[in-house]
There are 2 protein chains.
Amino acid sequence: MARPQKFTTDQILDAALTAVQQHGPAATMADVARAVGAPMGSMYYRFPSREHLFIALWLRSIRHFHAGLLEALTIEDPRTALVAAARHIPRFCRAHPDVALALTLYRQTRLVQSAPAELVEEVRTINEPVLEAMARACTRRFGRATPKRLDLVRTACQASPYGLVRPYVGGPVPLWLDAVVTVSTEAILALGDPGA
Amino acid sequence: MARPQKFTTDQILDAALTAVQQHGPAATMADVARAVGAPMGSMYYRFPSREHLFIALWLRSIRHFHAGLLEALTIEDPRTALVAAARHIPRFCRAHPDVALALTLYRQTRLVQSAPAELVEEVRTINEPVLEAMARACTRRFGRATPKRLDLVRTACQASPYGLVRPYVGGPVPLWLDAVVTVSTEAILALGDPGA
DNA sequence: GTTCATTTAGAACCTCGCTTCTAGTTGGGA
DNA sequence: TCCCAACTAGAAGCGAGGTTCTAAATGAAC
């Protein structure tokens with residue numbers, strides 16, 4: 001009945017990725033339209049505003065990024081799992097520099113307050129699968145997941161590795177960084193051991 | 001001969017700091033003018049453009065931040081010095097959350113390419129004192145400062161600690177983070193030891 | 001007291017980019 | 001073949017914010 005769409009939503013988001021790579025976080029709707037080869041107005045049939053489009057890109061990038069993180073956390077041995085999760089971060093940024101750059105478009109804490117109403121819920125809960133998987137690994141590793149230990153695990157496996165690759169995000173991520181991430185994560189996790 | 005200025009340049013930059021705290025990196029010239037209590041036009045007698053003003057704020061914030069870093073690096077014992085430099089980062093962010101937030105306004109690598117001509121030189125060389133101090137500490141610690149080891153020292157004493165506090169920048173920085181920074185920095189530095 | 005460069009002061013202007021509007025196109029169903 | 005909803009297409013509108021303009025005020029030097 002309806003005319004088929006010339007561009008899929010994913011194609012538009014891919015174009016947004018390109019636009020961000022070329023023009024940084026200030027990429028315009030016109031940049032996205034040019035990258036996908038469609039006119040400005042067409043964008044607004046899929047996304048009610050620029051903000052919707054770029055938040056959608058951010059959410060898709062987060063989910064892409066989380067996939068490997070969640071897979072690493074399914075590893076049985078909790079030490080191996082947590083270090084694998086940490087190492088996934090530089091590897092992902094190396095393999096998908098454009099997606100990694102899109103991750104820096106927003107920060108969840110700010111976005112929860114400023115996002116359009118219909119996206120707030122998704123923004124608010126985007127991290128939950130990973131947090132739950134980390135909590136499970138934390139329990140297996142330390143016997144019990146106190147709030148303090150959970151903070152430590154998140155710091156060891158997310159904040160630290162991400163902080164280490166951040167200077168390189170968007171460009172080539174050196175290989176020696178993986179060893180740095182590993183020893184840092186292990187050292188931080190050791191702080192949670194009962195005897196520490 | 002001339003009428004004395006009602007607002008010092010530092011007062012304007014302080015106001016810009018406030019504006020960034022309140023409105024984020026998209027703070028406008030009007031926000032700054034309101035914060036200092038001056039009209040829009042007056043801003044342009046000190047700074048030829050918005051970009052000049054905000055880059056000046058960034059540069060001043062970096063220098064403020066570097067002061068403590070350089071002081072830590074004067075410590076004789078290189079191990080102590082490097083860890084002290086690392087620990088300075090969360091402490092600074094805790095003591096000066098607004099300045100820390102201003103540090104996130106730009107990244108040097110991008111800025112070197114996009115800054116107005118008359119600021120490029122200062123942007124390009126802003127890190128040199130710290131880099132030199134780190135190179136000296138690196139030499140004292142490892143006997144010789146190979147490029148690889150220098151990268152490692154920068155990663156251990158800058159990238160890692162900064163990455164660890166980044167999620168908290170702008171708000172309260174938890175005290176337990178200092179211990180995390182310490183063990184992470186020590187673990188990364190250990191990778192540079194001859195036997196490692 | 002007069003002079004005058006400098007700064008304040010705020011309104012006007014102008015550019016840029018998001019958004020909306022109107023027209024034209026497409027292609028499946030009746 | 002005709003219809004019509006969904007989409008493409010690009011131009012026009014509109015607002016926000018950076019920048020500029022003009023006038024007035026200030027206070028040190030003479």
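Residues numbered from 1 in each chain as written. Chains lettered and ligands numbered in written order. Predicted model: local features only at pLDDT ≥ 70, side-chain atom pairs only at ≥ 80, totals over all residues. Heavy atoms only, no water.

Colleague: Go over helix 4 (residues 50–73) of chain B, please, and point to the residues and values.
Modeller: Residues and elements named next belong to chain B. Look at helix 4: 34 Å from first C-alpha to last across 24 residues, which is about the 34 Å you get at 1.5 Å a residue. In helix 4, a bend of some 25° at His 66 exceeds every other bend along the element. Capping of helix 4 at its N-terminal end is provided by Ser 49; its side-chain oxygen lies 3.3 Å from the backbone amide nitrogen of Glu 51. (Helix = DSSP H or I, 4+ residues; strand = E, 2+ residues; numbered from the N terminus. Expected span 1.5 Å × (residues − 1). Bend = angle between axes of the 7 residues up to and from the residue. Polar contact = N/O pair within 3.5 Å; in protein donor to acceptor, adjacent residues only side chain to side chain.)

Colleague: Let's hear about the domain arrangement of chain A: which residues, and what values?
Modeller: Residue and element names in this part refer to chain A. Partitioning chain A into domains gives domain 1 (1–46) and domain 2 (62–190). If you average the C-alpha positions of domain 1 and of domain 2, the two centres end up 29 Å apart. Where domain 1 abuts domain 2, roughly 440 Å² becomes buried across the two surfaces, and 82% of that area is made up of carbon and sulfur atoms. For domain 1, the biggest contributors to the area lost against domain 2 are Leu 17, Val 20 and Gln 21; these three give 90% of the whole. At the boundary of domain 1 and domain 2, one finds zero salt bridges. For the pair domain 1 and domain 2, the interface holds zero residue pairs in polar contact (both at pLDDT 80 or more). Considered class by class, the residues forming the side of domain 1 that touches domain 2 number three nonpolar, one polar and no charged. (Domains from an automatic or database assignment. Buried area = accessible area lost by both parts, 1.4 Å probe. Salt bridge = Lys/Arg side-chain N within 4 Å of Asp/Glu carboxyl O. Nonpolar A, V, L, I, M, F, W, Y, C, P; charged D, E, K, R; others polar.)

Colleague: Please give an account of the interface of chain A and chain B that cites residues and values.
Modeller: Each side of the interface is counted separately: chain A has 24 residues, and chain B has 23 residues. Interface of chain A and chain B: buried area, both sides summed, is about 2,100 Å²; carbon and sulfur atoms make up 67% of it. Here chain A is connected to chain B by zero salt bridges. At the junction of chain A and chain B, the tally comes to one residue pair in polar contact (both at pLDDT 80 or more). (Contact = heavy atoms within 4.5 Å.)

Colleague: Break down the packing of helix 10 (residues 147–165) of chain A against helix 10 (residues 147–165) of chain B for me, citing the residues and quoting the values.
Modeller: For the pair helix 10 of chain A and helix 10 of chain B, interaxial distance at closest approach is 7 Å and the crossing angle is 125°. Between helix 10 of chain A and helix 10 of chain B, the interaxial angle falls into the category oblique. Crossing handedness for the pair helix 10 of chain A and helix 10 of chain B: right-handed. Side by side, helix 10 of chain A and helix 10 of chain B meet where Thr 155, Ala 159, Ser 160, Gly 163 and Leu 164 of chain A of the first sit next to Thr 155, Ala 159, Ser 160, Gly 163 and Leu 164 of chain B of the second. (Axes fitted to C-alpha atoms, helices over the stretch in contact; angles between N-to-C directions. Parallel < 35°, antiparallel > 145°, perpendicular 65-115°, else oblique. Left-handed = near helix turned anticlockwise from the far one by under 90°.)

Colleague: Just give me the short version of the nonpolar core, but keep the residues and values in it.
Modeller: Counting residues in hydrophobic clusters, the biggest one holds 67 residues, and the most contacted among them are Val 32, Met 43, Leu 53 and Trp 58 of chain B. By residue number, the principal contributor to this core is helix 4 of chain B, which donates twelve residues. Setting aside chain neighbours within four positions, we find Leu 53 of chain B in contact with Ile 12, Leu 13, Ala 16, Met 29, Val 32, Met 43 and Phe 47 of chain B. Ranked by size, the runner-up nonpolar core spans 66 residues in total, among them Ala 33, Leu 82, Leu 103 and Cys 157 of chain A. (Core = buried A, V, L, I, M, F, W, Y, C linked by side-chain atoms within 4.5 Å. Buried < 20%, exposed > 50% of the residue type's maximum accessible area, 1.4 Å probe, protein only.)

Colleague: Give a detailed account of the protein's contact with DNA strand D, specifying residues and quantitative values.
Modeller: Taken together, 20 residues lie around DNA strand D, and Tyr 45 of chain A together with Met 29, Met 40, Tyr 44 and Arg 50 of chain B are the ones closest in. Backbone atoms, meaning sugar and phosphate, form 63% of the atoms of DNA strand D found within 4 Å of the protein. In this structure, Tyr 45 of chain A approaches DNA strand D through a side-chain N or O atom, which is 3.0 Å from a base oxygen. Contact distances for DNA strand D include 2.9 Å between a phosphate oxygen and a side-chain N or O atom of Tyr 44 of chain B. (Near = heavy atom within 4 Å.)

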